[in-house]
Amino acid sequence: MAFRAFAVVGLCSAIFQPALAGDDKNRVFVAKRWYTESYVREYIEKNHPSIFRDIFSKQMSYNFAADGPPPGIEAYNYYAKPKSIREGDFLKWKAAGSGRSLEAELDRLCVLEVSGALARLKGWIRNTVRMREVKPQKGDLDHVIVAAVRSGQLSRAPLNLDQSNKNSISPIPPEGPGRLLCNLYATRKSNEVIYHASVALTAEGFYYGSGR
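Sequence order as written defines the numbering, with residues in each chain counted from 1. Whole-chain, interface and lining totals are the exception, using all residues; otherwise, since this is a predicted model, local features are given only for residues with pLDDT of at least 70 and side-chain atom pairs are given and counted only at 80 or more. Side-chain measures were taken over the full set of non-hydrogen atoms in the model, leaving aside hydrogen atoms and water.

(A) Fine view of helix H4 (residues 102–130). Compared with an ideal rise of 1.5 Å per residue, which puts 29 residues at 42 Å, H4 spans 42 Å between its outermost C-alpha atoms and is within 8% of the ideal. Where H4 ends, the next residue or the one after it, Arg132, has phi of about 60°, a positive value. Secondary structure elements follow DSSP: runs of H or I of four or more residues count as helices, runs of E of two or more count as strands, with numbering from the N terminus. A helix is expected to span 1.5 Å multiplied by its residue count minus one.

In structure tokens form, the structure reads like this:
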């Protein structure tokens, strides 16, 4: 995951990456969990305020393909460069004596992975500007809009949840008001269930302008 606030989670993901990568014939699909941007925003602000600014800011917003182009977009410049983001982590669950709510734990797992994907989109734009792939004029970066964000699933899921670009993303139309999808999978062991959260996002580019 990008940004300092995700360093600990990202380190854990890297250490346990074999739990996500590689074929697992026992892994099955469990559920699609759709989230609205507002839910993610409120959850992170309440439960993980230290990472809020790594994901959301007044200078940046997310445009979802299902909602069509944002109003007033003709006043912006557009940089067309497709980007794909893959995030994933897992939760080992032993129900007996845990004292925890599985629903709450899965919600936290999914929201953090969705947040990590959004943070990486923000980091991608920052790096694009830093590498001078775009050359904005003064004031052009007062507001940036990630263009046509879509959620999907990894094409090799549930067998393989590898987060490399070799595992292509198949878009999934949103269900209801949610635009951000977390796919949940599970592998049952003798005394536990391993839940895998997978988030896959694509964007077509970004708009940048004064925001006026």
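(B) Here's a closer look at the packing of aromatic side chains. Working definition: rings of Phe, Tyr and Trp (its six-membered ring) pair if their centres are within 6.5 Å, and the pair is stacked with planes under 30 degrees apart, edge-to-face with planes over 60 apart, and tilted otherwise. Summed over the entire model, instances satisfying the criterion amount to 9 aromatic pairs. Ring plane angle 40° and centroid distance 5.3 Å describe the contact between Phe52 and Phe56, whose orientation is recorded as tilted. Of the two residues, Phe52 and Phe56, neither departs from the other in class, the shared state being buried. Aromatic rings pair up to connect Tyr79, Trp124, Phe206 and Tyr208 into one cluster. The cut-offs for exposure are 20% and 50% of the maximum accessible area for each residue type, with area from a 1.4 Å probe on protein chains only; residues under the lower value are buried, those over the upper are exposed, and the others partly exposed.

(C) Representation of the nonpolar core within the structure. For this analysis, a nonpolar core means a set of buried residues of the types Ala, Val, Leu, Ile, Met, Phe, Trp, Tyr and Cys, connected via side-chain atoms within 4.5 Å. Counting 43 residues, the largest nonpolar core has Ile44, Tyr62, Leu118, Leu121 and Leu201 as its most contacted members. Of all elements in the fold, only helix H2 (37–47), helix H3 (52–55), strand E2 (60–64), strand E3 (77–93), H4, strand E4 (143–154), strand E6 (180–188) and strand E7 (193–209) reach the threshold of two or more residues within this core. By definition, residues are in contact when any of their heavy atoms lie within 4.5 Å. In contact with Leu201, other than residues within four places in its own chain, are Lys83, Ser84, Ile85, Ala117, Leu118, Leu121, Val149, Arg150, Ser151, Ile169 and Leu180. Core analysis: the next-biggest nonpolar cluster, separate from the first, contains 6 residues, Leu154, Ala157, Tyr185 and Ala200 among them.

(D) Region of the structure containing unusual backbone geometry. A cis amide bond links Ala157 to the next residue, Pro158, at an omega of 0°. Here the phi dihedral of Ala148 falls at roughly 55°; this positive angle occurs in a residue that is not glycine. Among the secondary structure elements, Ala148 is positioned in strand E4.

(E) Geometry of the environment of Pro136. Inspection of the secondary structure puts Pro136 in the loop between H4 and E4. Overall, Pro136 belongs to the partly exposed group, its relative accessible area being 28%. With 72 residues separating them in the primary sequence, Pro136 and Tyr208 have C-alpha atoms 8.2 Å apart. Apart from residues no more than four positions distant in its own chain, Pro136 is found in contact with Leu141 and Tyr208.

(F) Spatial organisation of the pattern of salt bridges. Definition used for salt bridges: Asp or Glu carboxyl oxygen within 4 Å of a side-chain nitrogen of Lys or Arg. Counted under the stated rule, the structure contains 11 salt bridges. Linking Glu103 and Arg33 is a salt bridge whose minimum nitrogen-to-oxygen distance equals 2.8 Å. One end of the pair, Glu103, is in helix H4; the other, Arg33, is in strand E1 (residues 28–35), and 70 residues separate them in sequence. Of the charged contacts in the structure, one is a salt bridge between Glu37 and Arg41, with a shortest N-O distance of 3.4 Å. Here the residue Glu37 and the residue Arg41 both occupy positions in helix H2, the gap between them amounting to 4 residues, near one helical turn. For Glu37, a relative accessible area of 19% gives the class buried. A relative accessible area of 29% places Arg41 in the partly exposed class. Here the salt bridges share partners, and the residues they tie into one network are Arg33, Glu103 and Asp107.

(G) A look at the pairing of E4. Counted residue by residue, E4 has 10 buried out of 12 residues, so it is predominantly covered. Across 4 bridges, the pairing between E2 and E4 is parallel. In the sheet register, Ser61 faces E4, and the bridge partner there is Ile145. Two strands make a pair as long as DSSP finds a minimum of two bridges between them. In this structure, E4 lies alongside E7, joined through 8 bridges in antiparallel fashion. Of the residues in E7, the one forming a bridge with His143 is Gly209. Where E4 and strand E5 (residues 169–171) come together, 3 bridges link them in antiparallel fashion. In the strand pairing of E5, Gln153 is matched with Ser170.

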